[in-house]
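Each chain is listed here by its residues.
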Amino acid sequence: MNHQHSNCSYSDPREEPPGSTKNRRNDSSLKIISLFVFDNHYFQPQPSSIGEEEKKFYTIWCGPHYANALIDAVDSLRNSIQLLGGELLVRVGDPIVIVPQIALQIGATEVWYSEEPGTYECQVAKNIQQVCTLQYGIKVCSKVGYTLYHPNDLPWNHNEWSQLAHPKNKQKKKNKRTTETQEKRLKTFLKESVVDVSCDRFTGMCRIMGDFRRAVTSYASVRPIIPAPTELLKPMGYDLLNINQGRIPTLEDLIHCIIQENNDATSKINIMGMDDETIQFVLKSAIEERNDRHNQRHVSGGYHLYGESAALHRLETFIGNGYAKVANRSLADVSNHNSSRLSTYFALGTLSPRTVYWRAHAAGEGCEWLKSHLEMRDFFLFTCFAAGSKLFQENGMPLNSTSKKKENFIQWNDPTDAAHLQKWRQWAAGKTQLPLIDAGMKELLSTGYCSNRVRQNMASVLTKDLHLDWRVGAEWFQFLLEDHCVGSNYGNWLYFSGVGPDPKNRHFRTVSQMKKYDPKGHYVKKWIPELSNVDCIEVLLQPWDFGIASFQSPIVDPSSQYTWQDWKDIQQTGWLNSEK
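These numbers come from a predicted model, not from an experiment.

(A) Fine view of the overall build of the protein chain. Tallying secondary structure elements over the protein chain gives 23 helices and seven strands in all. Counting over 580 residues, the protein chain shows a buried share of 55%. Within the protein chain, contacts between residues at least 6 apart in sequence are counted, and of these 76% link residues at least 24 apart. As displayed, the protein chain offers around 26,200 Å² of accessible surface, 50% of which is attributable to carbon and sulfur atoms.

(B) Structural detail: helix H20 (residues 510-517). The element H20 is largely enclosed, with a buried count of six among its eight residues. Three or more residues of H20 are buried, namely Thr510, Val511, Ser512, Gln513, Met514 and Tyr517. On the buried face of H20, the contacting elements are helix H16 (435-447), helix H17 (452-465), helix H21 (522-527), helix H22 (537-541) and helix H23 (564-573).

(C) Representation of the packing of aromatic side chains within the structure. The tally for this structure, following the rule as stated, stands at 26 aromatic pairs. Clustering of aromatic rings is evident, with ring pairs tying together Trp161, Phe202, Phe212, Phe379, Phe380, Phe382, Phe385, Tyr495, Phe496 and Phe508. Sitting over the ring of Tyr449, Arg341 keeps its end group 3.5 Å from the ring centre. In this structure, Arg453 is placed above the aromatic ring of Tyr517, and the distance from its NZ or CZ to the ring centre is 3.9 Å.

(D) Spatial organisation of the pairing of strand E5 (residues 88-93). For E5, the tally of buried residues reaches five of six residues, placing the bulk of the element in the interior. Summarising the sheet, strand E2 (residues 33-39) and E5 pair through six bridges and their orientation is parallel. Bridged to Phe38 within E5 is Val92.

(E) Quick look at the packing of H17 against H20. Their axes nearest at 11 Å, the elements H17 and H20 cross at an angle of 170 degrees. Classed by the angle they form, the pair H17 and H20 counts as roughly antiparallel. On H20, the residues touching Arg453, Asn457 and Val461 of H17 are Thr510, Gln513 and Tyr517.

(F) Representation of the pairing of strand E6 (residues 110-114). With five of five residues buried, E6 is to be regarded as a mostly interior element. Taking every second residue as pointing to the same face, both faces of E6 are buried, with Glu110, Trp112 and Ser114 on one and Val111 and Tyr113 on the other. For E6 and strand E7 (residues 139-143), the ladder comprises five bridges, and the chain directions are parallel. Paired with Ser114 across the strands is Lys143, a residue of E7. For the segment spanning E6, helix H3 (residues 119-136) and E7, crossover handedness is right-handed.

(G) Looking closely at the packing of helix H13 (residues 353-363) against helix H14 (residues 368-387). Viewed as axis vectors pointing N to C, H13 and H14 meet at an angle of 155 degrees, and their least axial separation amounts to 9 Å. Judged on the interaxial angle alone, H14 and H13 are roughly antiparallel. Between H13 and H14 lies a crossing of left-handed hand. Only Leu370, Lys371, Leu374 and Arg377 of H14 make contact with H13, whose side of the interface consists of Pro353, Val356, Tyr357, Ala360 and His361.

(H) Fine view of the environment of Pro435. Within the fold, Pro435 resides in helix H16. Of the residues examined, Pro435 reaches a relative accessible area of 2% and is grouped as buried. Distance from Pro435 to Lys525, taken between C-alpha atoms, is 9.0 Å for residues 90 residues apart in sequence. What Pro435 contacts, discounting residues up to four positions off in sequence, is Met514, Val524, Ile528, Leu531, Leu540, Leu541, Pro543, Trp544 and Phe551.

(I) Geometry of the nonpolar core. Phe38, Trp424, Trp427, Met458, Trp476 and Tyr523 are the most contacted members of the largest nonpolar core, which totals 122 residues. Top element by residues in this core is helix H1 (residues 64-83). It accounts for nine residues. Residues Trp161, Met205, Ala310 and Ala324 belong to the second largest nonpolar core, which totals 42 residues.

(J) Just unusual backbone geometry, in detail. Non-glycine residue Gln433 carries a positive phi angle of around 75 degrees. Residue placement: Gln433 occurs in the loop between helix H15 (418-429) and H16. By relative accessible area, which is 15% here, Gln433 ends up buried.

(K) Spotlight on the side chain of Gln478. Summarising the element assignment, Gln478 is placed in helix H18 (residues 470-480). Residue class for Gln478 comes out buried when judged on its relative accessible area of 7%. From its side chain, Gln478 meets the backbone oxygen of Trp61 in a polar contact 3.4 Å long. Sequence-distant contacts of Gln478, defined by excluding residues within four places in its chain, comprise Ile60, Trp61, Gly63, His484, Asn489 and Tyr490.

(L) Broad picture of the pattern of salt bridges. One pass over the structure, following the stated rule, counts 14 salt bridges. Two residues, Asp72 and Arg293, come together in a salt bridge whose shortest N-O distance is 3.2 Å. Here Asp72 is found in helix H1, whereas its partner Arg293 is found in helix H9 (residues 276-300), with 221 residues between them in sequence. For the residue pair Asp72 and Arg293, the accessibility class agrees, reading buried in each case. Linking Arg223 and Asp153 is a salt bridge whose minimum nitrogen-to-oxygen distance equals 2.8 Å. Highlighted residues: Arg223 in the loop between helix H6 (209-219) and helix H7 (251-254) and Asp153 in the loop between E7 and helix H4 (158-165), separated in sequence by 70 residues. As far as burial versus exposure is concerned, Arg223 and Asp153 are alike and both buried.

(M) Just the environment of Cys257, in detail. Examined against the element boundaries, Cys257 turns out to sit in helix H8 (residues 256-263). C-alpha of Cys257 to C-alpha of Gln44: the two residues are 213 residues apart in sequence and 6.3 Å apart in space. Other than its neighbours up to four places away in sequence, Cys257 contacts Phe43 and Pro45.

(N) Structural detail: the environment of Ile71. Relative to the elements of secondary structure, Ile71 occurs in helix H1. With a relative accessible area of 14%, Ile71 lands in the buried category. If near-sequence neighbours (up to four positions away) are discounted, Ile71 is found in contact with Phe38, Ile248, Pro249, Thr250, Leu251 and Leu254.

(O) Structural detail: the side chain of His304. With respect to the secondary-structure elements, His304 resides in the loop between H9 and helix H10 (308-320). For His304, a relative accessible area of 11% corresponds to the buried category. At a separation of 2.8 Å, a polar atom in the side chain of His304 contacts the side chain of Asp75. The residues contacting His304, other than those within four sequence positions of it, are Asp72, Asp75, Ser76, Asn79, Arg297 and Ala310.

What counts, and at which threshold
Residues numbered from 1 in each chain as written. Predicted model: local features only at pLDDT ≥ 70, side-chain atom pairs only at ≥ 80, totals over all residues. Heavy atoms only, no water. Helix = DSSP H or I, 4+ residues; strand = E, 2+ residues; numbered from the N terminus. Buried < 20%, exposed > 50% of the residue type's maximum accessible area, 1.4 Å probe, protein only. Contact = heavy atoms within 4.5 Å. Areas by Shrake-Rupley, 256 points an atom, 1.4 Å probe, with all protein chains shown as cover. Phe/Tyr/Trp six-rings, centres within 6.5 Å; stacked < 30°, edge-to-face > 60°. Lys NZ or Arg CZ within 6 Å of the ring centre and 35° of its normal. Pairing = 2+ DSSP bridges. Axes fitted to C-alpha atoms, helices over the stretch in contact; angles between N-to-C directions. Parallel < 35°, antiparallel > 145°, perpendicular 65-115°, else oblique. Right-handed = clockwise from strand over helix to strand, strands pointing away. Left-handed = near helix turned anticlockwise from the far one by under 90°. Core = buried A, V, L, I, M, F, W, Y, C linked by side-chain atoms within 4.5 Å. Polar contact = N/O pair within 3.5 Å; in protein donor to acceptor, adjacent residues only side chain to side chain. Salt bridge = Lys/Arg side-chain N within 4 Å of Asp/Glu carboxyl O.

Printed below as a string of structure tokens:
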């Protein structure tokens, strides 16, 4: 699963090098104990990157909706491992302390883990390597299964990336010494036990998505899937050690700090500058979803919603039943199989993107878009690896600026300032008075999910209309999203805020977007109670003009939320939609 999942003397079978004939997962000589650590740093308030020290927000890296899914996935993982004869230990705390400790207890000779993008994640992995190797002499090995393409299969220098991305352009003559150095480096890392995902490894990587995809698809191949094991063996004498299996924490255990802070008026932590009512609503929604899921499973005897079996079932339902070929993915409301809804499984690590790739490849025409989306996801993940801490800069990583002068960067409004705090809170609570934006935020607060189309519109209003620091939106999404992934979330926010690897300046006109992607208003009626009984699409698009209770003028100039043609139609006819 994520980096918190470590395996002592265990190799992830989906990660053998190309051409390898040895399937270590099916090697009966391997003795394996698995370990999952719920890293407490994810569930405790951390200083936000937003605001001056004296008025800084606090954020939570792993919010209630994601925590819900993670707990269910770990429970499913333990069941699966135990059915094969293995064991999954569970701990809560600091993985830098716990992983070496468990490895010593069981006498492990190797510790395996999976690399994933994120500066904190990479630093934790590095620290575990140092403690295990330098202090205890335990070999540490890593694999990469979070991405579609393996890092070792990507180009290794700027010239290669450039030539592959633009094959018709005249290229600089290759430096023989540089080429030999890169080849030597590749051979070195193929022999090393830890995959190189450092920033330096991706020097020269294409910064435009189209260039990246063109280069990667012409250079690398997606690795094949290796079959799952039929048996897992514990180390000899393991049962005599009486090692505590460890209880999987409940949602209340993990979010206890948040609940406590909200109930203790003397020691409140300012979670993203939001009021207690909004934070408590998110917690309550997550708890209710968990309870409903447990009750349903108890009655029906069904499987875990977020485990591998559920992920594979969803994949097969979506592709096997033909939904993938007819899905209208651009809609605001992507229920009724208009989305694959695989993003949470990717985020948790319970479904490999390579599994999806090869299933879509086998399905053929009509499913190619799934492969394209996986390539786009890889672009953001590898951008995260390449950028390191630069991913979280206020200035981002804009394509069109090589100058470090402050005046050349976007001047963001600080949401912690009194002048902007209220508008930030209105956006984050779904009270902008823009129906599409508010419906999307209501869905996100309640479920931890909303469609990509709606996410893009919400990001546009925050950054292009309110001009608030893009990172506050990324951090709020990180707290809310059920499918949060550092690379995907921050990469998309950079991209659509105008400070990332996107040559276009994207400003979504949200009223016109609703007209196009929620043409009957079903989505906004579903999530905004005040509009649930409104049948006229004209009213749903512009409720502030029709005296709808609780709807006043939006927090941004309404005229900025129409395309040029739609605004012209209103000026000429007084109406936005011809089907009133």
